[in-house]
Amino acid sequence: MPELPEVETVRRGLQPAMEGATIVRAETRRKDLRFPFQTDFVARLEGQVVTRLGRRAKYLLADLASGDVLLMHLGMSGSFRVIDAAGAAAPGDFHHRRNEGRVHDHVCFTMSTGVEIVFNDPRRFGYMKVVAREAFDDEPLLRGLGPEPLGNEFDAAMLARSCRDKKTSLKAALLDQRVVAGLGNIYVCEALFRARLSPRRLASTLALKTGAPSERAERLVAAIHDVLNQAIKAGGSSLRDHRQTTGELGYFQHSFRVYDREGDKCRTPACKGTVRRFTQNGRSTFWCPGCQT
């Protein structure tokens, strides 16, 4: 499942093609993706100017001049392809052939600039929905999401408050979208390693008895910021399905320090430990017992 850096990378690729342009034509080539399309899905999109393309957690949000918002989720295998007016898209340095099965091109937007934006999703776990901006806070898919990890609200004090009374592991708390939005298995493993914190540690240890953030919370927030910013700069991580809008692969996977490195020597200077893997909450956790405590 794409995590925050992958979705942010896609947003930045779509932004020049969508912002300020009108959706001249919207086409759905099947009745549903993960969920059925709304009966008025096309009607609410056609003729509307995209005033802003944003992101919330792992969702792409296209604000429309009508006051509606087009909410888009990539699912497990979804990707967008931007085709210019001449019918071509220029590949980047890390270009790889994306899925060429046009049978999986399920949604197409024709913009007023002549650009076409195509959503391809072989597994159909992605979805799209049009939501009125005034009802946005009550949208079930978004309600209850925690702060953005790269936003101004997210700091050590907020994380400590959220985790103070939790009896779960630190990793489970970070994967809880109500605590912090957008983090997934890869970046939680990487951030915990950089912060030298065990994924088994109790989440409540991020707070002191007074409720103030511990030094561990400060380290963890800094590590989350660092790993997400580096991953976004690298275009995200391409393990199986993630592609940028140009067809490029992200390449942050080449910077993994623990994720998917079971049996490798720890990369922390002076640490003689070995990266290990265990199953935690149904997910593979990678960590170094030698320096993560």
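Residues numbered from 1 in each chain as written. Predicted model: local features only at pLDDT ≥ 70, side-chain atom pairs only at ≥ 80, totals over all residues. Heavy atoms only, no water.

## What about the confidence of the model for the protein?
Averaged over every residue, the pLDDT of the protein is 88; residues scoring 70 or more account for 87%. A low-confidence stretch, residues 90–99 stays under pLDDT 50, and its non-local contacts, those more than four residues away or across chains, total 27 contacts. Residue range residues 238–245 is modelled with pLDDT below 50. Its contacts to residues more than four positions away, or to other chains, number 36 contacts. (pLDDT = per-residue confidence, 0-100. Contact = heavy atoms within 4.5 Å.)

## Side note on the sheet that holds strand S1 (residues 22–28)
One key point about sheets: their strands pair by backbone hydrogen bonds, in either a parallel or an antiparallel sense. Read from one edge of the open sheet, 8 strands run S5-S7-S6-S1-S2-S3-S4-S8, paired in antiparallel fashion. Each of the sheet's edge strands pairs with one partner strand only, and the pair in question is strand S5 (79–83) and strand S8 (127–132). Going from strand to strand, the sheet's axes swing by 30 degrees on average, the running direction of each strand aside. Of the strand pairs in this sheet, strand S4 (residues 68–73) and S8 are connected by 6 bridges, and their pairing is antiparallel. Residue pairing in the sheet places Leu-70 in a bridge with Val-130 of S8. (Pairing = 2+ DSSP bridges. Helix = DSSP H or I, 4+ residues; strand = E, 2+ residues; numbered from the N terminus. Axes fitted to C-alpha atoms, helices over the stretch in contact; angles between N-to-C directions.)

## Focus: the packing of helix H5 (residues 185–194) against helix H6 (residues 215–233)
Put simply, H5 and H6 touch, their axes get as near as 8 Å, and they point 130 degrees apart. By the criterion of interaxial angle, the relationship of H5 to H6 is oblique. Seen from above, H5 lies across H6 with right-handed handedness. Note on element contacts: H6 touches H5 through Leu-220, Ala-223, Ile-224, Asp-226, Val-227, Leu-228, Gln-230 and Ala-231, opposite Tyr-187, Glu-190, Ala-191, Leu-192 and Arg-194. Residue classes in the contact of H5 with H6 are distributed as 9 nonpolar, 1 polar and 3 charged. (Parallel < 35°, antiparallel > 145°, perpendicular 65-115°, else oblique. Left-handed = near helix turned anticlockwise from the far one by under 90°. Nonpolar A, V, L, I, M, F, W, Y, C, P; charged D, E, K, R; others polar.)

## Digging into the side chain of His-106
By the element assignment, His-106 lies in strand S6 (residues 105–111). With near-sequence residues (within four places) excluded, His-106 lies in contact with Glu-27, Thr-28, Arg-29, Arg-30, Leu-33, Phe-119, Asp-121 and Arg-124.

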